[in-house]
Amino acid sequence: MNIKVIIEPGEDGYFVAHVPSLKSCWSQGKTKEETLQNIREAIYLYLEPEPNELKEDQELVELTVRNSRYSPLKKFSQR
């Protein structure tokens with residue numbers, strides 16, 4: 001699954017990242033690389049269900065979503 005992340009310089013010299021499709025999923029870092037690492041962790045935690053959300057008769061499965069129309073390394077920019 002590819003998730004679009006917006007990275008921008010913050011007011012304090014750090015970089016700030018957020019995921020528009022995941023409300024309130026934000027992170028920051030001193031460098032772009034650190035920011036990307038931090039937002040990956042934030043996305044993982046955002047999508048991870050709480051253990052108490054599953055009932056006894058429910059099963060947790062992982063699903064990989066792929067969209068072949070886009071390259072995973074494609075960068076998007078404003079036009």
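Here, every reference points to the structure presented above.
First, a word on scope: everything that follows refers to the structure included in this document. (Residues numbered from 1 in each chain as written. Predicted model: local features only at pLDDT ≥ 70, side-chain atom pairs only at ≥ 80, totals over all residues. Heavy atoms only, no water.)

Residue placement: Ala42 occurs in helix α1 (residues 32–47). Classification of Ala42 by relative accessible area gives buried; the value is 18%. Separated by 23 residues in the primary sequence, Ala42 and Val19 have C-alpha atoms spaced 9.6 Å apart. Those residues in contact with Ala42 that lie beyond four places of it in its chain are Cys25, Trp26 and Ser27. (Helix = DSSP H or I, 4+ residues; strand = E, 2+ residues; numbered from the N terminus. Buried < 20%, exposed > 50% of the residue type's maximum accessible area, 1.4 Å probe, protein only. Contact = heavy atoms within 4.5 Å.)

Further remarks concern a nonpolar patch on the surface. Together, Met1, Leu63 and Val65 make up a nonpolar patch on the protein surface, roughly 350 Å² of accessible area in all. Relative to the helices and strands, Leu63 resides in the segment after α1. Leu63 sits in the exposed class, given a relative accessible area of 72%. (Patch = residues over 30% accessible without salt bridge, like charges linked within 9 Å, V, L, I, M, F, W, Y side chains within 5 Å. Areas by Shrake-Rupley, 256 points an atom, 1.4 Å probe, with all protein chains shown as cover. Salt bridge = Lys/Arg side-chain N within 4 Å of Asp/Glu carboxyl O.)

This part is about the sheet that holds strand β1 (residues 6–9). With antiparallel pairing, the three strands of this open sheet are ordered in space as β1-β2-β3. Where the open sheet ends on each side, the last strands, each with one partner, are β1 and β3 (26–29). The sheet shows a mean angle of 25° between the axes of neighbouring strands, direction not considered. Where β1 and strand β2 (residues 15–18) come together, four bridges link them in antiparallel fashion. Within the sheet, the bridge partner assigned to Glu8 lies in β2 and is Val16. (Pairing = 2+ DSSP bridges. Axes fitted to C-alpha atoms, helices over the stretch in contact; angles between N-to-C directions.)

Across soluble globular proteins, nonpolar side chains have a tendency to be buried as a group. One finds Ala17, Val19, Leu22, Cys25, Ile39, Ala42 and Ile43 forming the largest nonpolar core, which totals seven residues. For Leu22, the residues in contact, after removing those within four places along its chain, are Ile43, Tyr46 and Leu47. (Core = buried A, V, L, I, M, F, W, Y, C linked by side-chain atoms within 4.5 Å.)

Note that Pro49 resides in the segment after α1. We classify Pro49 as partly exposed; its relative accessible area is 30%. Along the primary structure Pro49 and Leu60 are separated by 11 residues, whereas in three dimensions their C-alpha atoms are 8.8 Å apart.

For Ser27, the position within the fold is in strand β3. When residues no more than four places from it in sequence are discounted, the contact partners of Ser27 are Phe15, Val16, Ala17, Asn38, Ile39 and Ala42.

Following β1, the chain reverses through five residues before pairing antiparallel with β2; Gly13 in that reversal takes a positive phi of roughly 90°. Where β2 and β3 come together, four bridges link them in antiparallel fashion. What sits directly across from Ala17, in β3, is Ser27.

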